[in-house]
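Chain and residue survey
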Amino acid sequence: MGVNNMTKPTIGVQMMMLREKVQEMGITETFKRVKEIGFSTVELSQIPMTEENVSEIKKCLDELDMKVCATSAAIKSLMPSIKMENLRDDFDKIVSDTKALNCKYIRVGM
């Protein structure tokens, strides 16, 4: 009766699995390689969301026609001795970073 509004499922890359490549090759080169092997969607996990990294990720998304399906955040710091962004302490920043990457979802990890 109506137009089917179902969208085709997307398979993306969980960047946590490539965090060492990001450290070794940098964000831009890693994203280029992900695109070259046929992926256009990533889930951002365990990639430091510094202002510089968010800016570089956004540039890669625009230039490579890619998207972020979700960012990732802990609800609270898992180890108080190690500073890590978490929703309890850094909610506004995490939401802002997620919106800056044109992403709707924040995945809560363990």
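Structure shown above.
Residues numbered from 1 in each chain as written. Predicted model: local features only at pLDDT ≥ 70, side-chain atom pairs only at ≥ 80, totals over all residues. Heavy atoms only, no water.

1. Details of helix α4 (residues 87-100)
In an α-helix, one turn spans 3.6 residues; hence positions three or four apart end up facing the same way. A rise of 1.5 Å per residue sets the reference length of α4, with its 14 residues, at 20 Å; its end C-alpha atoms lie only 17 Å apart and thus fall more than 12% short of the reference. Restricting attention to buried positions, one finds in α4 the residues Leu87, Asp90, Ile94, Asp97 and Thr98. Residues of α4 that are buried sit in contact with α3 (51-64), β3 (67-73) and β4 (106-108). The first or second residue beyond α4 is Asn102, which carries a positive phi of 55°. (Helix = DSSP H or I, 4+ residues; strand = E, 2+ residues; numbered from the N terminus. Expected span 1.5 Å × (residues − 1). Buried < 20%, exposed > 50% of the residue type's maximum accessible area, 1.4 Å probe, protein only. Contact = heavy atoms within 4.5 Å.)

2. Notes on the sheet that holds strand β2 (residues 41-43)
An order of β1-β2-β3-β4 is seen for the four strands of this open sheet, with the pairing classed as parallel. The open sheet has two edge strands, β1 (13-14) and β4, and neither has a second partner. Here β2 pairs with β3 via three bridges, running parallel. Residue pairing across strands places Glu43 opposite Ala70, the latter belonging to β3. (Pairing = 2+ DSSP bridges.)

3. As for the packing of helix α2 (residues 27-36) against α3
Axis separation between α2 and α3 bottoms out at 9 Å; the angle between their running directions is 30°. Taken together, the axes of α2 and α3 lie roughly parallel to each other. The two elements α2 and α3 meet at a crossing, and its hand is right-handed. Contact residues: α2 offers Ile27, Thr28, Phe31, Lys32 and Lys35, while α3 offers Asn53, Glu56, Ile57, Cys60, Leu61 and Leu64. Here the contact of α2 with α3 is built from residues that sort into six nonpolar, two polar and three charged. (Axes fitted to C-alpha atoms, helices over the stretch in contact; angles between N-to-C directions. Parallel < 35°, antiparallel > 145°, perpendicular 65-115°, else oblique. Left-handed = near helix turned anticlockwise from the far one by under 90°. Nonpolar A, V, L, I, M, F, W, Y, C, P; charged D, E, K, R; others polar.)

4. Quick word on unusual backbone geometry
Despite not being glycine, Gln46 has its phi angle at roughly 60°, a positive value. On the secondary structure map, Gln46 appears in the loop between β2 and α3. For Gln46, a relative accessible area of 48% translates into the label partly exposed. Even without glycine at this site, Asp65 takes up a positive phi of about 55°. Position of Asp65 relative to the elements: it lies in the loop between α3 and β3.

5. A closer look at α3
Along its 14 residues, α3 runs 20 Å from first to last C-alpha, staying within 8% of the 20 Å computed at 1.5 Å per residue. Among the residues of α3, those classed as buried are Asn53, Val54, Ile57, Cys60, Leu61 and Leu64. Here the buried residues of α3 occupy an arc of 125° about the axis, which is enough to place them on one side. Pointing more than 90 degrees away from the buried face of α3 are the exposed residues Glu51, Glu52, Lys59, Asp62 and Glu63. Where α3 is buried, its residues contact α2, β3 and α4. Taken from the residues just after α3, Asp65 is the one with a positive phi, measuring 55°. (Arc of directions from axis to C-beta.)

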